[in-house]
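Given next are the chains, with one letter for each unit.
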Amino acid sequence: MIEWALAIAQTLLFVTAAPLLAGWIKCCRCHLQNRAAPMVWQPYRDLARLFGKNVVVADTTSWLFRLAPYVVFGAAVLAASVVPLIATHLPTNAIADVIVLVGFFALARFVQALAALDAGTAFGGMGASREMTVASLAEPAMLLVVFTFSVTANTTNLSTAIDHILASGLVLRPSFIFIAVALLMVAVAETGRVPVDNPATHLELTMLHEAMILEYGGRHLALVEWAGQIKLMLYGVLFIDLFVPWGIASQLSWAAAGTGLVAVAAKLALLGLVLAVSETLVAKMRLFRVPGYLGFAFLLGLLGMLSHVILEVG
Amino acid sequence: MTLALLAPLLAMASALAGALAPRDAPAGRLLVFALLGLSGLASIAAGVLALAGDGSLYARLPLGLPWLEWHLRLDGLSGFFLALIGAVLVPVSLFGPGYTRAFAHGPSHPAVLHLFTGLFVAGMQLVVLADDAFVFMVAWEIMSLASYFLVAFEHQHAANRRAAFLYLLMAQVGALAILLGFGVLSGLSGAFSFDAMRASYQGTGWANVAFALALAGFGMKAGLMPMHAWLPEAHPAAPSHISALMSGVMLKIAVYGFVRFAFDLLSQPHWGWGVATLIIGSVSALLGVLYALMQHDLKRLLAYHSVENIGIIFIGLGLSLLFGASGAPSLAALGLVAALYHTLNHALFKTLLFFGAGAILHSTHERDMEHMGGLIHRMPTTALCFLIGCISISALPPFNGFVSEWLTFQAFLQVSFLESGALRAMLPFAAAMLALTGALAAACFVKVFGVVFLGLPRSRHVRHAREVDAGMRAGQILLAASCLVFGVLPTFVIDAIAPVTRALLGGELANATASGWLWLTPVSPQVASYSAPLVLAGIALAGLAISITRHHQRRIHPVRRSPPWDCGFGALGARMQYTATAFAMPIRRIFQPVWHVREATVRNAAQAAGDNERAVTVRHTLHIDDRAWDLFYEPFARGIQWTARQAARLQTGRIRTYLAHSFITLLVLLWVVT
Amino acid sequence: MHALDALPLYDQAILVMAALVLFSAFALLGQSRMFSLITVFAWQGALLAITSALVAFSTGQHHLYISAALTLALKAILIPWMLTRMVTHLGVRQEAEALGRPALVLLAGAALVVFSYYVSLPIVHLSTLVTRNTIGISLAIVLLSMLLMITRRQAMSQVVGFMAIENGLFFAAVASTAGMPMIVELGIAFDVLVAAVLFGVFFLHLRDTIDSLDVDRLNRLNEDVD
């Protein structure tokens, strides 16, 4: 019983902490660019503001447009409930299959792209077209990361994989170095950060993800934005779980949970800082250079897999 | 067994009823499809009973040649495919009457349509029941010829006639290859029956030849690259419920034939067969989806997606052969289960998608996506069912497409059991190509659903479309529901398929349902687990929570409707939306070498329309062709013509030369005899 | 998997270095500007020096420390400096034409890696050293450098490719067989240095003769030009 309570508490923590991570990244970016930063909890105020507004919906849209934000947010929350944040061996972790996780993201993106086309505007079509293209190119790289990881840990379940990594101690795996970098590159592409997409842009013709949600307002926009923040945190937690899981709670005790919380918070803060630094140093690429970027991620994944086959297996 | 024999008999009765029914009698149409539906129910019943039981049922009919009577057999594999045929036939029998009403007053007599539909179905059912090569080929030819007449049903259009001819040609070439394959096996065993072939000793050389012939022949019928050219021509030409039957069932009969030949009749698989099947499957899948992305004819697009999904099925079969040859029967069972499950899923959602296309064609007389739009408002039920079909084919949870792709990926992940390092290095590349295929398919179906159903209508007929009648809606709803059911209850399906893998491979997924009916754990619970019912429950829970909050919110902050955002430029029209071609443009630019693209923009500066104005007309044309024609079919055709020209040298027209031919032949024969 | 976990940390580090050197070989394939090509080549030299030092520490052969220092001085500092001077002096900052289909070249590179792994399997089974898996990687680096020479038109890129081949052979010697005799080591190092100097002189003459450093234009030296 207590495991279920912990699982629900972890999910709630995940969902409520996601805007904080987004705020932290924005804060770091502003400081690096020598601008005055907003408060770290500004995203919470934005969400509260949006939830309090009336909703205006385009008259060309159908029920799909109004349903989509709920589907996207629901998929994000479902994914957040299965990924181990503070503790492993929770009852929800049995569904924590990495391929199923990728499937959830794909479902959310599918419905989101359809909602973009629903309004019958050119911006929606453009956003949907670009987003689906970038997502298709990121899939092979993501799969190679999952593949290389799974043949090493002999499982696709996140919880079991964390146990395996913790049990083998500090091992320098060449394949893991490659796929860690590949995962970071794919995460940047999938969450729509610089250099693939600029989340703070106002120029419609440069948008990928933002163009899809241009028509949304009020609570719909709040749900979509929140889902985006949860997705960013999800990729960060995925990276931490796969490559640096030390500190996560394997038993259910207050001390272990506390250690896990502090560990994951510190690692996420560090990852957020790294993302902010890379966003400041690198410029956004034009759309037709993204295939080269994702091809490089694919190459890294391929090298990781080849290193595993050649170097790591007896 | 009598139930299984009843199914083709009912189909033939349906054909007879169709042939005799007058043109515009609705009762005749209903009778035809009712008999077809009963045939479907009989198939499902027989198939399920065969899967539940453990042995095989035999029958021998005194038809055929005097010394070679018909052997028929119903075992697990036949039962599975028989149930699959039935599962598609029942919705077709619901969809058919409404759809074929339009043909009652057309240029071709509908009796032809109903007659050959019944024969087509009967042929397919007999192929599945066949236990010797003779019955198999007879039933196969019945199936091919009946479907030729169905494809050529609307023969007033030259394009349909060409498509039908191409289809017939390729069907016959494929049948020839299959016949030669059976010939090799019967030569080795000395008899035509499958029992004799199974028991015969097959040396490696002849087994390779037989396998290659089977792959070529069954692959041509299934639509593997590069032998797929007939698919995108024939499917749009046929009436939509026939396209659904062809794509949903006939391609699966080809898969059945391949499975029967390679897994059952050939005794010892070789790892090279697995690699060849895997490579051909991967190439078909990736190129199929890339070609589909560029189509704007709805039925052609769906036909190319059939090529893609058949590729995915053959990837699973290739993995199964590979693992079987490496001595891992339970992993081979995993590959085979993934392939068979995907076969069932594809039959269901492809039929659903073709029904949607048929409903749209029936309502709007449009096949081109660029003229559609906004149909979700005019045809809500069709739109919802089509959406479920789109989500299923894009392999998204919790529907059925996701389960079979997940199983295929799990089969790939067991690659560390192979000893060959080179294979272990190359197989993940194929898995990455499969992932790319799945993602591109999702992009394609966003395009399809978005351009066809969402947005603003782009032509007059579409603006005034009406929802189709109850029968057509019922067929679609039934299929959509079954997509959900087969996605949420995978453990039952896998338990049902277990006797098939046991019989063919000697292994099964022992741990597949080890943790109960909720969890699907193909290898073991620690390696991978998926619980579709829990995912659905999670989605339902989230949906419930959301609808409660939404209900509360809607009272406080109501929804207001207004025109969409137009940057202040004024009224948006239907032509300002993204077209299907525009949606696929980034992918076209990225993967350019794959297609044969001819793009031209011609600007004509017309006369000055006023003092400072000049009217300019810009004409942009874009043709995208299948490269297989240039690379494979044209050289092949040229080679055949060259050979024919060389052979024509024999025809000199002079009497003395012909006498000389006979003379030399006589000499050679005399020499050979001594 | 299990094999990797059993190795001590320094041997794992050697395997990581092998993977990084392989990555640098791929990185060489992907550069189109001369200066970045030479920079990657310098990094490859530095990685080799680190590998040498690690092998020296792991197996206790102290002469490999000298080898590491020599590699660092020569391949990571001196030769790149000379090449940079040559590039500035000759004025060839970039490939005249962009890489033809970089995706295809990189995929060919991946295929070469699989091929060299397949080819080196019998040798791997003979060796008894724990880091014997790196033989396949070394062969792959040699083949990738040859691919670099084939797919480039600028003569300067070909020099870098040639040097990279030697890097691959050096890596094979160090990681798979724990070092060559010192005499051989010194001999090869000075040979490479002389080769770099000779290349410089040769390119000067080449540029004066055909006015460009595009090797495809060498066919202008053919007599029967109409």
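This write-up is about the structure you can find in this document. Within every chain, residues take consecutive numbers counted from 1 along the sequence as written. The lettering of chains begins at A and the numbering of ligands begins at 1, in the order of writing. Owing to the predicted nature of the model, reporting of local features is limited to residues with pLDDT of at least 70; listing and counting of side-chain atom pairs is limited to 80 or more, with chain, interface and lining totals taken over all residues. Processing note: side-chain calculations cover all non-hydrogen atoms of the structure and skip hydrogens and water entirely.

1. Considering the overall build of chain A
Each helix and strand in chain A was counted, giving 11 helices and one strand. Helix numbering and strand numbering both begin at the N terminus, where a helix is a DSSP run of H or I of at least 4 residues and a strand a DSSP run of E of at least 2. Helices and strands in chain A line up, N terminus first, as α-α-β-α-α-α-α-α-α-α-α-α. In this description the radius of gyration comes from C-alpha coordinates, and the expected globular size is given by 2.2 Å times residues to the power 0.38. Radius of gyration (C-alpha) of chain A: 19 Å, near the 20 Å computed for a compact globule of 314 residues. Projecting the C-alpha coordinates of chain A onto the three principal axes gives extents of approximately 60 × 45 × 40 Å. Working definition: with a 1.4 Å probe on protein chains only, accessible area under 20% of the residue-type maximum means buried, over 50% means exposed, and in between means partly exposed. Within chain A, the fraction of its 314 residues that count as buried is 66%. The contact rule is simple, with two residues in contact once any of their heavy atoms fall within 4.5 Å. Restricting to contacts in chain A with at least 6 residues of sequence separation, those with at least 24 account for 82%. Total accessible area computed for chain A in this model is approximately 10600 Å², and 70% of it derives from carbon and sulfur atoms. Exposure was quantified through the Shrake-Rupley algorithm and a 1.4 Å probe, taking into account, for residues, occlusion by the shown protein chains and nothing else.

2. Quick word on the overall build of chain C
When helices and strands are tallied, chain C shows eight helices and zero strands. N-terminal to C-terminal, the α/β element order of chain C is α-α-α-α-α-α-α-α. Looking at chain C residue by residue over its 226 residues, the buried ones come to 50%. Long-range contacts, defined as pairs at least 24 residues apart, comprise 75% of the intrachain contacts of chain C with a sequence gap of at least 6. Of the roughly 10900 Å² that chain C leaves accessible, carbon and sulfur atoms contribute 69%.

3. Focus on the environment of glycine 516 of chain B
With respect to the element layout, glycine 516 of chain B can be found in the loop between helix H20 (490-505) and helix H21 (532-556). Through-space distance from the C-alpha of glycine 516 of chain B to that of arginine 101 of chain B is 48 Å; in sequence the pair is 415 residues apart.

4. Some words on the interface of chain B and chain A
Note: interface size is frequently given as the accessible area lost on complex formation between the parts. Each partner contributes residues to the interface: chain B has 75 residues there, and chain A has 71 residues. Buried area is understood as the total, over both parts, of accessible area removed when two parts are fitted together, assessed with a 1.4 Å probe. Across the interface of chain B and chain A, roughly 6300 Å² is buried in total on both sides, 73% from carbon and sulfur atoms. A per-residue breakdown of the area chain B buries against chain A is headed by Leu413, Arg561 and Tyr578 of chain B, which together make up 10% of the total. Any Lys or Arg side-chain nitrogen located within 4 Å of an Asp or Glu carboxyl oxygen qualifies as a salt bridge. Counting across the interface, chain B meets chain A through zero salt bridges. Pairs of N or O atoms are called polar contacts if they sit within 3.5 Å, as long as, within protein, a hydrogen donor faces a hydrogen acceptor (for residues adjacent in sequence, only side-chain-to-side-chain pairs). Run the count over chain B and chain A and you get nine residue pairs in polar contact (both at pLDDT 80 or more). Going through the elements one at a time, helix H14 (375-378), helix H15 (380-393), helix H16 (400-413), helix H17 (421-453), H21, strand E3 (559-562), helix H22 (580-583) and helix H23 (585-590) of chain B are the ones with two or more residues in the side of chain B that touches chain A. Examining the composition of the side of chain B that touches chain A, we find that 18 residues originate from one element, H17 of chain B, more than from any other. Gly counts as polar in this scheme, as do all residues outside two lists: the nonpolar Ala, Val, Leu, Ile, Met, Phe, Trp, Tyr, Cys and Pro, and the charged Asp, Glu, Lys and Arg. The residue inventory of the side of chain B that touches chain A, partitioned by class, reads 56 nonpolar, 13 polar and six charged. Here a strand pair is declared whenever DSSP counts at least two bridges between the two strands. By the bridge criterion, four bridges tie strand E1 (residues 55-58) of chain A to E3 of chain B in an arrangement that is parallel. Pairing of alanine 58 of chain A across the sheet is with serine 562 of chain B, part of E3 of chain B.

5. A short note on the environment of tyrosine 530 of chain B
In this fold, tyrosine 530 of chain B is placed in the loop between H20 and H21. Look at tyrosine 530 of chain B and you get buried, because its relative accessible area is 0%. When the C-alpha positions of tyrosine 530 of chain B and tryptophan 519 of chain B are compared, they lie 5.8 Å apart, and in sequence the two are 11 residues distant. Not counting chain neighbours up to four residues away, the residues in contact with tyrosine 530 of chain B comprise Val100 of chain A together with Pro397, Pro398, Phe402, Val403, Trp406, Leu518, Trp519, Leu520 and Val535 of chain B.

6. Re helix H6 (residues 158-168) of chain A
Residue and element names in this part refer to chain A. Every buried residue belonging to H6 is among Leu158, Ser159, Ala161, Ile162, Ile165 and Ser168, and all of these are buried. Two or three places before serine 159, at the start of H6, stands the capping residue asparagine 157, its side-chain oxygen 3.0 Å from that residue's backbone nitrogen. The positive-phi residue at the C-terminal boundary of H6 is glycine 169, with phi of around 75°.

7. A closer look at the side chain of serine 529 of chain B
Note that serine 529 of chain B resides in the loop between H20 and H21. Residues within four places of serine 529 of chain B in sequence aside, it is in contact with Ala94, Asp97 and Asn157 of chain A together with Trp406, Trp519, Leu520 and Thr521 of chain B.

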